[in-house]
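One-letter residues, chain by chain:
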2 protein chains.
Amino acid sequence: MTGTATLAQIARAAGVSAPTVSKVLNGRADVAPATRERVEELLRAHGYRRRRGTGHAAPLLELVFHELESPWAMEVIRGVENVVREEGLSVVLSESSGRLSIGQSWVDGVLARRPTGALLVLSGLDPVQRAQLTSRDIPFVVMDPAGDPGQEVPAVGATNWNGGLAATRHLLDLGHRRIAVIAGPGRMMCSRARVDGYRAALETAGVPFDPALVREGDFHHEAGYVAGLELLRAPDRPTAVFTGNDLQALGLYQAARELGLRVPEDLSVVGFDDLPLARWVGPALTTVRQPLTEMAEVATRMVLDLARGNRPNTLRVELATTLVVRGSTAAPSARS
Amino acid sequence: MTGTATLAQIARAAGVSAPTVSKVLNGRADVAPATRERVEELLRAHGYRRRRGTGHAAPLLELVFHELESPWAMEVIRGVENVVREEGLSVVLSESSGRLSIGQSWVDGVLARRPTGALLVLSGLDPVQRAQLTSRDIPFVVMDPAGDPGQEVPAVGATNWNGGLAATRHLLDLGHRRIAVIAGPGRMMCSRARVDGYRAALETAGVPFDPALVREGDFHHEAGYVAGLELLRAPDRPTAVFTGNDLQALGLYQAARELGLRVPEDLSVVGFDDLPLARWVGPALTTVRQPLTEMAEVATRMVLDLARGNRPNTLRVELATTLVVRGSTAAPSARS
């Protein structure tokens, strides 16, 4: 009885009634924990999958962020809203409070709500949680996977490596040779890919990679400021910095201002994301555009497609990043 | 049968069965439109109010924005999440697509979801929609009311008038006399209150109010840029501008940069809101802090309190605004 186990078979194997299995499937609280665990194990072991009846799922899309601090999140929310509005669905918003994995309480809530699907932004499910959603036939997609989401998990990202390459080549083309990089957190695959693109650009241009010019920090303003002060106070300071994202770039702007260095005359800066604020700051920020709103739209459509029972042609989609040149990059000055 | 009408009485008056009234109450689609309308009218006419049974409402809080464009919205979402996380509720996020009123499709969705309550940010309900939520015993609170939400609607705002007063007094104290104001949309009460505070500061300081120094625009960057160019290109340009919000202030920064004017040497700028980006820009922005996250927390607690059947001590709460002085304001230079 693998793959096609029925609810009645699961109930028999667990030694409980069919309504009890049904309660577990629907995330109801009135089941003894030991019973719940036994039923969940059997659901997993037998690859049980609830049949998707029409009208059974609620017109809800679950949207989970690992944190809501950044203006980044707003771009994603807008993309999701663009799609669900057309489809008559509502969004249930959750935050995993800075953890990259999702708590069990979220999964319990989802089982009770029976949403049409879920979109996880930089937040991962463990294999048990994944099996729980699968057995209830709740499809999910991961956007911009922080780690490796697993081969079988549908995911939407951006071409981070290409973005790192394009940003660094732009600086090399302007004549920079001492180019530093401030990376995002190393546990996130997107950070690693960007730094690898930076390194590839240097090496293909015959510029040696210098570990002293690499800093790591989280994706906030403060990290760019702190790393920026370190890099710019060094005796042999870089003439250009490729930052992990636009917020870090603003932190670097602040560090430069405090040290009396002008952007772009004394220091060129390239960001990543192209948030609205990249256009608003002075000088306007040269940055690698990551199409966050479009990525969210694609990911949301993928969830809805899976919910209709369509298997996507590909489980991985990477949208293109593009370099947007503005006022924060220029040729290094003779003094530098 | 006013005030205490039962479901059976409503059914009898409408000439339908009690289950049909129940379907209308729960926003179910399988009721003829004419029947639905007749039942809704009777519910309204008789002041029907569903009794709040324990466990009847879903652990959902509805959160509605009129638009999600601004980083402003993120501060509010964080406040709401702070409270609902403690309470084990989830947030259903909706956007009224730039309209200040809410569409009927949202109300229909809410009736079907039976949430614990609703928080409306700058979005208003019409009297019929209000009656629909009231008859289902779904409490709602308005945050930062755009218009006049009506005496009986619980609302949370900020002391906008005081903020306008404090911003303008700060500029007067620095020695400015030609002080312009860029207002938000006039249909929003918060904009009007800020401009009235500005005017009161001028008049109590004996500085005549000059209508030529007043501009109006929406709350986006572009509006500050456009109004800024107009004001700064005038022959007798202002030495200081109080803007409607931080995004407008950044638009004004850009206008000043393009005209070769330095902030604060040639132009002092005061914003409103104190979004995170106010600290990140150069020079850091002097602004009126509106405690958006705290306002959202207070409003969310108010909804949950109402859902527990507690009537709040006051239906209107205004949290204090505070002036935060940073680098964008200084005494006018002799040249100006």
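Residues numbered from 1 in each chain as written. Chains lettered and ligands numbered in written order. Predicted model: local features only at pLDDT ≥ 70, side-chain atom pairs only at ≥ 80, totals over all residues.

Colleague: What's the story with the interface of chain A and chain B in this structure? I'm lost.
Modeller: By a widely used convention, the size of an interface equals the accessible area lost when the partners come together. Contact residues are listed per partner, giving 23 residues for chain A and 23 residues for chain B. Sorting the residues of the side of chain A that touches chain B by element identifies α4 (71-87), β2 (90-95), α10 (246-258) and α11 (277-280) of chain A as the ones contributing at least two each. For the side of chain A that touches chain B, the class distribution of residues is 13 nonpolar, 6 polar and 4 charged. Judged from the 3 bridges that link them, β2 of chain A and strand β2 (residues 90-95) of chain B form a sheet pairing that is antiparallel. Counterpart to L93 of chain A in the pairing with β2 of chain B is V91 of chain B. (Contact = placed C-beta atoms within 7 Å. Helix = DSSP H or I, 4+ residues; strand = E, 2+ residues; numbered from the N terminus. Nonpolar A, V, L, I, M, F, W, Y, C, P; charged D, E, K, R; others polar. Pairing = 2+ DSSP bridges.)

Colleague: Would you take a moment to explain the relation of the copies chain A and chain B for this structure?
Modeller: Both copies of the chain are related through a single rotation about an axis accompanied by a shift along the same axis. Mapping chain A onto chain B is achieved by rotating through 180° and translating by 0.0 Å along the same axis, at an RMSD of 0.1 Å. Interpreted geometrically, this transformation is the action of a two-fold axis. Identified as the residue of chain A closest to the rotation axis by C-alpha distance is V92 of chain A, at 2.1 Å. (Least-squares fit on C-alpha atoms with pLDDT ≥ 70 in both.)

Colleague: Where do I start with the environment of R113 of chain A in this structure?
Modeller: On the secondary structure map, R113 of chain A appears in helix α5 (residues 104-113). C-alpha separation for the pair R113 of chain A and P238 of chain A, spaced 125 residues apart in sequence, amounts to 53 Å.

Colleague: It is not clear to me how the environment of L60 of chain A should be interpreted in this structure. Could you clarify?
Modeller: Residue and element names in this part refer to chain A. Here L60 is to be found in strand β1 (residues 58-65). A sequence separation of 29 residues divides L60 from L89, and the C-alpha atoms of the two residues are 5.3 Å apart. Other than its neighbours up to four places away in sequence, L60 contacts L89, S90, V92, R113, P115 and T116.

Colleague: What should I look at first to understand the sheet that holds strand β10 (residues 286-289) of chain B in this one?
Modeller: Paired through backbone hydrogen bonds, the strands of a sheet run either parallel or antiparallel to each other. Residue and element names in this part refer to chain B. Strand order in the open sheet formed by 6 strands is β7-β6-β8-β9-β10-β12, with mixed pairing between adjacent strands. The strands lining the two open edges of the sheet, one partner per strand, are β7 (214-216) and β12 (322-324). Between one strand axis and the next, the sheet turns by 20° as a mean value, whatever way the strands run. (Axes fitted to C-alpha atoms, helices over the stretch in contact; angles between N-to-C directions.)

Colleague: Just checking my understanding: could you explain the packing of helix α9 (residues 221-233) of chain A against α10 of chain A for this structure?
Modeller: Residues and elements named next belong to chain A. Here α9 crosses α10 at 45°, and the two axes come no closer than 6 Å. By the criterion of interaxial angle, the relationship of α9 to α10 is oblique. The crossing of α9 and α10 is right-handed. Side by side, α9 and α10 meet where H221, E222, A223, G224, Y225, G228, L229 and L232 of the first sit next to L247, Q248, A249, L250, G251, L252, Q254, A255 and A256 of the second. Across the contact of α9 with α10, the residue classes break down as 10 nonpolar, 6 polar and 1 charged. (Parallel < 35°, antiparallel > 145°, perpendicular 65-115°, else oblique. Left-handed = near helix turned anticlockwise from the far one by under 90°.)

Colleague: Where do I start with the domain arrangement of chain A in this structure?
Modeller: Residue and element names in this part refer to chain A. Its domain assignment divides chain A into domain 1 (7-45), domain 2 (58-158 + 293-320) and domain 3 (160-291). Each of domain 1 and domain 2 has a C-alpha centre, and the two are 26 Å apart. Taken together, the 7 residues of domain 1 in the interface contact 7 residues of domain 2. Here the side of domain 1 that touches domain 2 is built from residues that sort into 2 nonpolar, 2 polar and 3 charged. (Domains from an automatic or database assignment.)

Colleague: What exactly am I supposed to notice about the packing of α4 of chain A against helix α12 (residues 292-307) of chain A here?
Modeller: A pair of packed helices is characterised by two quantities: the angle between their axes and the separation of those axes. Residues and elements named next belong to chain A. The geometry of α4 relative to α12 is characterised by a closest axis approach of 7 Å and an angle of 40° between their N-to-C directions. In terms of axis orientation, α4 runs oblique to α12. Read as a crossing pair, α4 and α12 show a hand that is right-handed. In this structure, α4 uses W72, E75, V76, R78, G79, V80, N82, V83, V84 and E87 to contact α12, whose residues at the interface are L292, T293, E294, M295, A296, E297, T300, R301 and L304.

Colleague: I'm lost on the sheet that holds strand β5 (residues 155-158) of chain A in this one. Help?
Modeller: Pairing is mixed in the open sheet, where 12 strands are placed in the order β11(A)-β5(A)-β4(A)-β3(A)-β1(A)-β2(A)-β2(B)-β1(B)-β3(B)-β4(B)-β5(B)-β11(B). Two strands in the sheet have a free side with no partner beyond their single neighbour: β11 (316-319) of chain A together with β11 (316-319) of chain B. Going across the sheet, the axis of each strand differs from the next one's by a mean of 20°, ignoring polarity. Here strand β3 (residues 115-121) of chain A pairs with strand β4 (residues 140-143) of chain A via 4 bridges, running parallel. Paired with V121 of chain A across the two strands is M143 of chain A, which belongs to β4 of chain A.

Colleague: How should the pairing of strand β3 (residues 115-121) of chain B be read in this particular structure?
Modeller: The side chains of a regular strand alternate, residue by residue, between the two faces of the sheet. Residues and elements named next belong to chain B. Counting buried positions along β3 gives 7 out of 7 residues, so the element sits mostly inside the fold. The sheet contact formed by strand β1 (residues 58-65) and β3 spans 6 bridges and is parallel. Across the sheet, residue L61 finds its bridge partner in β3, namely G117. Of the crossover connections in this fold, the one passing from β3 over helix α6 (residues 127-135) to the parallel strand β4 (residues 140-143) is right-handed. (Buried ≥ 20, exposed ≤ 12 C-beta atoms within 10 Å, placed from the backbone. Right-handed = clockwise from strand over helix to strand, strands pointing away.)

Colleague: What am I meant to see in unusual backbone geometry here?
Modeller: Of all residues except glycine, most have a negative phi; of all peptide bonds, most are trans. With omega at -10°, the peptide bond leading from G282 of chain A into P283 of chain A counts as cis. Positive phi, normally seen in glycine, also occurs at R114 of chain B, with a value near 50°. When the 17 C-beta atoms within 10 Å are taken as the criterion, R114 of chain B is described as partly exposed. Here the phi dihedral of D274 of chain B falls at roughly 60°; this positive angle occurs in a residue that is not glycine. Inspection of the secondary structure assignment puts D274 of chain B in the loop between β9 (268-273) and α11 (277-280).

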